[in-house]
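# Tertiary structure, described
The lines below spell out each chain.
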Amino acid sequence: MCTTCGCGHGETKIEGDAHGHAHRHAGGSEHGHDHDHDHDHEHGHDHGHEHAPGCGHDHVHHHGHAHEQGDDAAHVHDHEHVLADGTVVRHSHDHGGVAVHGDHVHFGVGAAHAHAPGMSQTRMVQIEQDILAKNNQHARFNREFLAERGIFAVNLVSSPGSGKTTLLTESIQRLLPATPVTVIEGDQQTANDAERIRATGARALQINTGKGCHLDASMVERALERLQPPDKSVLFIENVGNLVCPAAFDLGEAHKVVVLSVTEGEDKPLKYPDMFKAATLMLLNKVDLLPYVSFDVAKCIEYARRVNPAIEVMQVSATKGDGMDTWLAWVRLHAVTAKHARTQPKVATAE
Amino acid sequence: MHEMSLAEGIVQIVETTARANDARAVRAVWLALGALSHVEHESLRFSFDVVKHGTVAHDARLEIEITPGRAWCMPCAESVDLARLGDACPRCGSHQLQVTQGEEMRVKEIEIA
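Rules and cut-offs
Residues numbered from 1 in each chain as written. Chains lettered and ligands numbered in written order. Predicted model: local features only at pLDDT ≥ 70, side-chain atom pairs only at ≥ 80, totals over all residues. Heavy atoms only, no water. Helix = DSSP H or I, 4+ residues; strand = E, 2+ residues; numbered from the N terminus. Buried < 20%, exposed > 50% of the residue type's maximum accessible area, 1.4 Å probe, protein only. Contact = heavy atoms within 4.5 Å. Areas by Shrake-Rupley, 256 points an atom, 1.4 Å probe, with all protein chains shown as cover. Pairing = 2+ DSSP bridges. Core = buried A, V, L, I, M, F, W, Y, C linked by side-chain atoms within 4.5 Å. Phe/Tyr/Trp six-rings, centres within 6.5 Å; stacked < 30°, edge-to-face > 60°. Lys NZ or Arg CZ within 6 Å of the ring centre and 35° of its normal. Patch = residues over 30% accessible without salt bridge, like charges linked within 9 Å, V, L, I, M, F, W, Y side chains within 5 Å. Salt bridge = Lys/Arg side-chain N within 4 Å of Asp/Glu carboxyl O. Arc of directions from axis to C-beta. pLDDT = per-residue confidence, 0-100.

### Structural notes on the overall build of chain A
Looking only at helices and strands, chain A has 8 helices and 16 strands in total. Counting all 351 residues of chain A, 52% fall into the buried class. Long-range contacts, defined as pairs at least 24 residues apart, comprise 67% of the intrachain contacts of chain A with a sequence gap of at least 6. Only carbon and sulfur atoms are counted for the fraction: they give 51% of the accessible area of chain A, which is about 15800 Å².

### Details of the sheet that holds strand β14 (residues 255–261) of chain A
Ordered in space as β1-β12-β11-β13-β10-β14-β15-β16 (chain A), the 8 strands form an open sheet in which the pairing is mixed. Strands at the two margins of the open sheet, each flanked by one partner only, are β1 (13–14) and β16 (312–315) of chain A.

### Section: the nonpolar core
One finds I10(B), V26(B), V29(B), L31(B), L44(B) and V107(B) to be the most contacted residues of the largest nonpolar core, which totals 30 residues. Contributions of two or more residues to this core are made by β9 (123–130) of chain A together with α1 (3–20), β1 (26–34), α2 (41–51), β2 (61–67) and β6 (105–112) of chain B. Among the nonpolar cores identified, the runner-up in size contains 29 residues, and F152(A), V154(A), L168(A) and W327(A) belong to it.

### Considering the packing of aromatic side chains
Residues and elements named next belong to chain A. Counted by the stated rule, this structure contains 3 aromatic pairs over all chains. Seen in terms of ring centroids, F152 and W330 are 5.9 Å apart; in terms of plane orientation they differ by 65°. Their pairing is edge-to-face. Of this pair, F152 sits in strand β10 (residues 152–158) while W330 sits in helix α8 (residues 324–340); the two residues are 178 residues apart in sequence, bridging distant segments of the chain. By relative accessible area, which is 2% here, F152 ends up buried. Its relative accessible area of 7% is what places W330 among the buried residues. For the ring pair W327 and W330, a centre distance of 5.8 Å and an interplane angle of 20° mean the geometry is stacked. Here W327 pairs with W330, and both are found in helix α8, just 3 residues apart, close to one helical turn. Neither residue differs from the other here; W327 and W330 are each classed as buried. Within the aromatic cluster, the residues linked to one another by ring pairs are F152, F236, W327 and W330. Over the aromatic face of F145 sits the side chain of R149, whose NZ or CZ is 3.7 Å from the ring centroid.

### Overview of a nonpolar patch on the surface
On the surface, M4(B), F46(B) and V50(B) cluster together into a nonpolar patch covering about 280 Å² of accessible area. You can see M4(B) is positioned in helix α1.

### Quick word on the pattern of salt bridges
Per the stated rule, a full pass over the model turns up 17 salt bridges over all chains. The partner of R106(B) in a salt bridge is E128(A), and the shortest N-O contact between them spans 2.6 Å. Here R106(B), found in strand β6, pairs with E128(A), found in strand β9, and the two come from separate chains. The class of R106(B) is buried, set by a relative accessible area of 17%. For E128(A), a relative accessible area of 8% corresponds to the buried category. As a salt-bridge pair, D81(B) and R70(B) come within 2.6 Å of each other at their nearest N and O atoms. One end of the pair, D81(B), is in strand β4 (residues 78–81); the other, R70(B), is in strand β3 (residues 70–73), with 11 residues separating them in the sequence. Assessed through its relative accessible area of 48%, D81(B) is described here as partly exposed.

### A word on α2(B)
Residue and element names in this part refer to chain B. The complete set of buried residues in α2 reads H41, L44, S47, F48 and V51. What you see down the axis of α2 is that its buried residues fit within an arc of 120°, all on one side. What points out from α2, more than 90 degrees from its buried face, is the exposed set E42 and F46. Packed against the buried residues of α2 are α1, β1 and β2.

### Describing the confidence of the model for chain B
Of the residues in chain B, 99% have a pLDDT of 70 or more, and the chain-wide mean is 91. ipTM for the predicted complex: 0.74, alongside a pTM of 0.67.

### Observations regarding the pairing of β4(B)
Residue and element names in this part refer to chain B. As defined by bridge partners, β3 adjoins β4 across 4 bridges and the pair is classed as antiparallel. Each residue of the ladder has a partner; that of C73, found in β4, is E78. From the end of β3 to the start of β4, which pair antiparallel, there are 4 residues, and A77 there has a positive phi angle of about 55°.

Here's what the structure looks like:
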């Protein structure tokens, strides 16, 4: 199950799992099956909560407004506070029937006009937590895991049918044996793609998301544990075919690469801006079919750059070989950088 | 994006905080959603109302504060307002923009009893 969005609840399967699903505890905490991580907050004892960067600590702030006598309808106050980035926020809210008159605290001053002894005051607790914080936590772990091993990881995203898997099999055949490659495959069902990858000689692990529509960082974390990619290798993560959801989920990869084929519409970047904005590189695939389709390459690139001025574009044909050298040079260059940037050199082993 | 899933995430964050602060009930939840973030607000409200049932946030109101979108325009060398991703710079019409604010989705604070 996706730890952020709950999609595919109880249905995520990772190859090799007896029954690979996350489950919830009675107390509301939940965790994945096979492991126990110190950094995972959801272990049934309260750490409090994670803070967004810049937010030092949670604090309670009381409103403590004074009121005019006779003002005993349910109170609505304007409250103003300043966020860490300087944004001033004003909002109104009801105190739930509590008023402070000088040093006298009135309870039960709502519409009922009754004083209800023991009726508690409300207080504000600041959280400032990113809704995607949990996923990002797992993503950070993955990123560190990969950095320690000098592994270059790419998150391949696209619509279904753009040619991701074929692009991968063709890439792997050209990368091996000089560059070791492992693959994490994401699909709703079947291990078809992982099997196609394995036929090239590279190790692959299939994640089936069930009803889920994207891979998330916790799934990738579990897959990495099982897969144990070798040091100084390249890891391809082939995401679920989906041009919407994967955009928002950091898996711990170095780059998202979006694959768009010329049999799709050239205005895809405008229609699905989140994905093209999240990607570093766009691979325009199946260019061997350009003579047979009315696809405007220049316009497509212009649209992509409109949504993401920094995006790189390469035109390729995985089946015919066009542009593959350029794409693989990009992969090899980043792989070499990752190798040399290895954060924690291990004890020297025979290589 | 999937608002039902986001709502579950919000309730989870709220529950954890409520527990840590010994709250009996959550009266209100404040979200900061950037104008450029990938959320449909009405759908989120609907989903939140569904997901909060049976939790400590059962009666909680959802307050959404929309933080404006801002971007750095490279030709202008200035920070500008940005209403939507893909929009041009309101000053010079260029698309060479670097978003600096407006994509966040945060649970800001909660009011507890």
